[in-house]
Amino acid sequence: PLVSWDLPTPADEDSVNADGVYLNVTVTDDTETSAFFDWNYSLIAYWSMDFNSSSGVHDNSSYNHLGTLYGAMSSENITDGKFGKALKFDSNTGNYLRVTNTDDLNIQDAITIAAWVKPEDFDGDDVRIVEKGWSNSGSYILWLDDKWATYGIEWALMNTTGTTGKVAVGNVVDINEWQYIVGTW
């Protein structure tokens, strides 16, 4: 890929004394690709699925949260995605990507979870995108829900006092189409 820094990004070798700067980047490639920048280490985890091995999917953030393939999952489940690679799940509910719980995953304030998804059928089951210890303090979950005629999106959090917040939107997910799903709190 070709990466170019565009105005108002400071020029190469400039020294800037400021609380912040604007960065404007363009990424050009013959195939669709993505890029991220984590200047202040606020990106806690990022699994692009492009960096994987027989042990799992490697985290592209600074925190090294290896996602271990569970159930019948293997490197055979790595396939082409919207941008780069993707992880294909079958109908076996015991298949998932597991990440060891660490303190930096115990988000208590602002959080955003995002994923590209492409459901291939609507079989009447909830489809978990991300789940961290649902029913425990500090847990969160983003999933496709089967309450509606087609999938909806649900996003919920439980803070340290056990208070739960939940948002649901129905009939917004299309089958066999790539969609960008985001939950922000």
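Check the entry above for the structure.
How each quantity is defined
Residues numbered from 1 in each chain as written. Predicted model: local features only at pLDDT ≥ 70, side-chain atom pairs only at ≥ 80, totals over all residues. Heavy atoms only, no water. Pairing = 2+ DSSP bridges. Helix = DSSP H or I, 4+ residues; strand = E, 2+ residues; numbered from the N terminus. Contact = heavy atoms within 4.5 Å. Polar contact = N/O pair within 3.5 Å; in protein donor to acceptor, adjacent residues only side chain to side chain. Axes fitted to C-alpha atoms, helices over the stretch in contact; angles between N-to-C directions. Buried < 20%, exposed > 50% of the residue type's maximum accessible area, 1.4 Å probe, protein only. Core = buried A, V, L, I, M, F, W, Y, C linked by side-chain atoms within 4.5 Å.

**Student:** When you look at the sheet that holds strand S8 (residues 96–99) in this model, what are you seeing that I'm missing?
**Tutor:** Each strand in a sheet pairs with another by means of backbone hydrogen bonds, the pair being arranged parallel or else antiparallel. The four strands are arranged S3-S4-S5-S8 in an open sheet whose pairing can be described as antiparallel. Strand pairing shows two members of the sheet lacking a second neighbour, strand S3 (52–53) and S8, which therefore form its edges. Where strand S5 (residues 67–70) and S8 come together, four bridges link them in antiparallel fashion. Across the sheet, residue Leu69 finds its bridge partner in S8, namely Leu97.

**Student:** Sorry if this is basic, but what is going on with the environment of Asp104 here?
**Tutor:** Structurally, Asp104 is set in the loop between S8 and strand S9 (112–117). Asp104 sits 60 residues away from Ile44 along the chain, and the two C-alpha atoms are 7.0 Å apart. Once residues within four sequence positions are removed from consideration, Asp104 is found in contact with Ile44, Tyr63 and His65. Looking at Asp104, its side chain comes within polar contact range of the side chain of His65, at 3.1 Å. A polar side-chain atom of Asp104 sits 2.5 Å from a polar atom in the side chain of Thr102.

**Student:** Looking at this structure, how should I read the sheet that holds strand S12 (residues 152–158)?
**Tutor:** The antiparallel open sheet is built from four strands, whose spatial order is S10-S11-S12-S13. Both edges of this open sheet fall to strand S10 (127–132) and strand S13 (164–169), since each of them pairs with a single strand only. Sheet twist, expressed as the average angle between the axes of neighbouring strands with direction ignored, equals 5 degrees. Across six bridges, S12 lies against S13 in antiparallel orientation. Counterpart to Leu157 in the pairing with S13 is Gly165.

**Student:** Can you walk me through the pairing of S5 in this structure?
**Tutor:** In regular strands, side chains alternate between the two faces of the sheet. The two faces of S5 differ: Gly67 and Leu69 on one face are buried, but Thr68 and Tyr70 on the other face are not. Two strands pair when backbone bridges link them, and strand S4 (residues 56–57) and S5 are joined in this way by two bridges, in the antiparallel orientation. Its bridge partner lying in S5, Gly56 is registered against Thr68.

**Student:** Explain the nonpolar core to me, please; I cannot follow it from the model alone.
**Tutor:** Soluble globular proteins: nonpolar side chains tend toward being buried together. Formed by 15 residues in total, the largest nonpolar core has its most connected members in Ile111, Tyr140, Trp155 and Ile181. Within the residue set of this core, elements represented by two or more residues are S9, strand S11 (139–145) and S12. Excluding residues that lie within four positions of it along the chain, Ile111 makes contacts with Tyr140, Trp155, Leu157, Gly183, Thr184 and Trp185. Residues Met49, Val57, Ile78 and Leu87 belong to the second largest nonpolar core, which totals six residues.

**Student:** Would you mind going over the side chain of Glu154 with me for this structure?
**Tutor:** Along the chain, Glu154 turns up in strand S12. For Glu154, a relative accessible area of 0% gives the class buried. At a separation of 3.1 Å, a polar atom in the side chain of Glu154 contacts the side chain of Lys166. Once residues lying within four places of it in the same chain are set aside, the contact partners of Glu154 are Ile141, Leu142, Trp143, Asp145, Lys147, Trp148, Lys166, Val167 and Ala168.

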